[in-house]
Amino acid sequence: MQIAEIVLQAEEIAVYNDGAQAIYKNGEEKFNRITCVWQNMLSSARLMPAFGVSIDNLTREAMKTGVWIEFLFSKEYVINELPFEKLLVQAVKDYTGFNINRCFDGGYNGRCFYINLNGKDMSELYNILINE
């Protein structure tokens, strides 16, 4: 299973907007719209070598500002030998590539995934996250 499809296995999606949190459960209309936009955004994307690593306390502090989306899973998954229980992305409207932070063993530590959107940007995802 790849990054575009794995989000369908999430139990919940948490959206953070300047620290304010909204939760959407799998099967809810907003959850379904977000995952549909996510899959469309990643339809021609490329998984690339990561540009960075996540440090839990810095990541959690960063989540207090801007727009973030967190996919929460009921079990551990592994992609490219990298385990995770949650995936976290900062949504920035004009980004054409981004890191996906992995949470495992309770913290956002270690290597990230990097996604090159291959000619697309995050504007549609960003808009759906801030407009409801």
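Bear in mind that the values here come from a model prediction, so they are computed numbers and not experimental data. (Residues numbered from 1 in each chain as written. Predicted model: local features only at pLDDT ≥ 70, side-chain atom pairs only at ≥ 80, totals over all residues. Heavy atoms only, no water.)

*Asks:* Got a minute to help me understand the packing of aromatic side chains in this structure?
*Replies:* Describing an aromatic ring pair means giving the distance of the ring centres and the angle of the ring planes. Evaluation of the coordinates by the stated rule reveals six aromatic pairs. Ring centres of Tyr77 and Phe84 lie 6.3 Å apart, and the angle between their planes is 25°; this geometry places the pair in the stacked category. When its relative accessible area of 0% is taken as the criterion, Phe84 is described as buried. Among the aromatic residues, ring-to-ring pairing joins Phe73, Tyr77, Phe84 and Phe113 into one connected group. (Phe/Tyr/Trp six-rings, centres within 6.5 Å; stacked < 30°, edge-to-face > 60°. Buried < 20%, exposed > 50% of the residue type's maximum accessible area, 1.4 Å probe, protein only.)

*Asks:* What should I look at first to understand unusual backbone geometry in this one?
*Replies:* What is expected of a backbone is that most residues other than glycine have negative phi and most peptide bonds are trans. Of note in this structure, Asp18 is not a glycine but carries a positive phi near 50°. For Asp105, which is not glycine, the phi dihedral falls at a positive 50°. Structurally, the position occupied by Asp105 is in the loop between β7 (97-103) and β8 (110-111). Classification of Asp105 by relative accessible area gives exposed; the value is 70%. (Helix = DSSP H or I, 4+ residues; strand = E, 2+ residues; numbered from the N terminus.)

*Asks:* Can you walk me through the packing of helix α2 (residues 29-41) against helix α4 (residues 123-130) in this structure?
*Replies:* Geometry of a packed helix pair, given as the angle between the helix axes and the separation of the axes. In the contact formed by α2 and α4, the axes pass within 9 Å of each other and the chain directions differ by 165°. As summarised for this structure, α2 and α4 are arranged roughly antiparallel, according to the angle between their axes. Crossing geometry of α2 relative to α4 is assigned as left-handed. Here α2 contributes Lys30, Arg33, Ile34, Val37, Trp38, Asn40 and Met41 to the contact with α4, which in turn contributes Glu124, Leu125, Ile128 and Leu129. Residue composition of the contact of α2 with α4, grouped by class: seven nonpolar, one polar and three charged. (Axes fitted to C-alpha atoms, helices over the stretch in contact; angles between N-to-C directions. Parallel < 35°, antiparallel > 145°, perpendicular 65-115°, else oblique. Left-handed = near helix turned anticlockwise from the far one by under 90°. Contact = heavy atoms within 4.5 Å. Nonpolar A, V, L, I, M, F, W, Y, C, P; charged D, E, K, R; others polar.)

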